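Chain by chain, the residues run as shown.
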Amino acid sequence: MAQTSIQVVLPEPLVEYVEQRVEYGEFSSASEFVQALLREHPYPRLGALEDELDAALSSGTVSDSRNDLLDGRLTVILKERRATNGTKRL
């Protein structure tokens, strides 16, 4: 994937925080720190997860009951649907 740089302006305390994480060896650079934060951000996946949940609930193979949602049945159904439809995760 091609990479493009952007400039981000941060308040001094945040700059210091990022620099400390790099200094402590948690990240090799400020860029790596920001990339890690963005990978963990739920927004890009949220829409896809909502779509899969809607489809599972609409299909009738899972209900919105507490038991179906907590006993792992929903996870199994979504994994099966992904395998059969060839749907990839985001």
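Please refer to the structure placed before this passage.
Residues numbered from 1 in each chain as written. Predicted model: local features only at pLDDT ≥ 70, side-chain atom pairs only at ≥ 80, totals over all residues. Heavy atoms only, no water.

1. Overview of the overall build of the protein chain
Here is step 1: Along the protein chain, the regular secondary structure elements total five helices and zero strands.
Here is step 2: Taken from the N to the C terminus, the helices and strands of the protein chain come in the order α-α-α-α-α.
Here is step 3: Here the protein chain, with 90 residues, has 14% of them falling under the buried criterion.
Here is step 4: Across the protein chain, the fraction of contacts at a sequence separation of at least 24, relative to all contacts at a separation of at least 6, is 26%.
Here is step 5: Of the accessible surface of the protein chain, which amounts to about 7,600 Å², a share of 55% is contributed by carbon and sulfur atoms. (Helix = DSSP H or I, 4+ residues; strand = E, 2+ residues; numbered from the N terminus. Buried < 20%, exposed > 50% of the residue type's maximum accessible area, 1.4 Å probe, protein only. Contact = heavy atoms within 4.5 Å. Areas by Shrake-Rupley, 256 points an atom, 1.4 Å probe, with all protein chains shown as cover.)

2. A short note on the environment of A30
Here is step 1: You can see A30 is positioned in helix 2 (residues 30-40).
Here is step 2: For A30, a relative accessible area of 41% puts it in the partly exposed group.
Here is step 3: Considered as a pair, A30 and Y17 are 13 residues apart in the sequence and their alpha carbons are 10.0 Å apart.
Here is step 4: Excluding residues that lie within four positions of it along the chain, A30 makes contacts with V18 and V22.

3. Here we look at the packing of aromatic side chains
Here is step 1: Scanning the model with the defined rule gives two aromatic pairs in all.
Here is step 2: Both rings, one in Y17 and one in F33, keep their centres 6.0 Å apart while their planes meet at 75°; by these two values the pair is edge-to-face. Linking Y17 in helix 1 (residues 12-23) with F33 in helix 2, this pair joins segments that are 16 residues apart in sequence.
Here is step 3: Taking relative accessible area as the criterion, F33 reaches 8% and is therefore assigned buried.
Here is step 4: Here the aromatic residues Y17, F27 and F33 are joined through ring pairs into a cluster of three or more. (Phe/Tyr/Trp six-rings, centres within 6.5 Å; stacked < 30°, edge-to-face > 60°.)

4. Here's the deal with the layout of surface pockets
Here is step 1: Within this model, the largest pocket holds a volume of roughly 570 Å³.
Here is step 2: Considering every element that reaches the lining of the largest pocket, the biggest residue donor is helix 2, with eight residues.
Here is step 3: A breakdown of the residues in the lining of the largest pocket according to their chemical character gives 12 nonpolar, five polar and two charged. (1 Å grid on protein atoms, 1.4 Å probe; cavity = no way out; pocket = protein on both sides within 12 Å on 5 of 7 lines; lining within 4 Å. Points joined across faces, edges and corners; volume = space filled by probe spheres on them. Nonpolar A, V, L, I, M, F, W, Y, C, P; charged D, E, K, R; others polar.)

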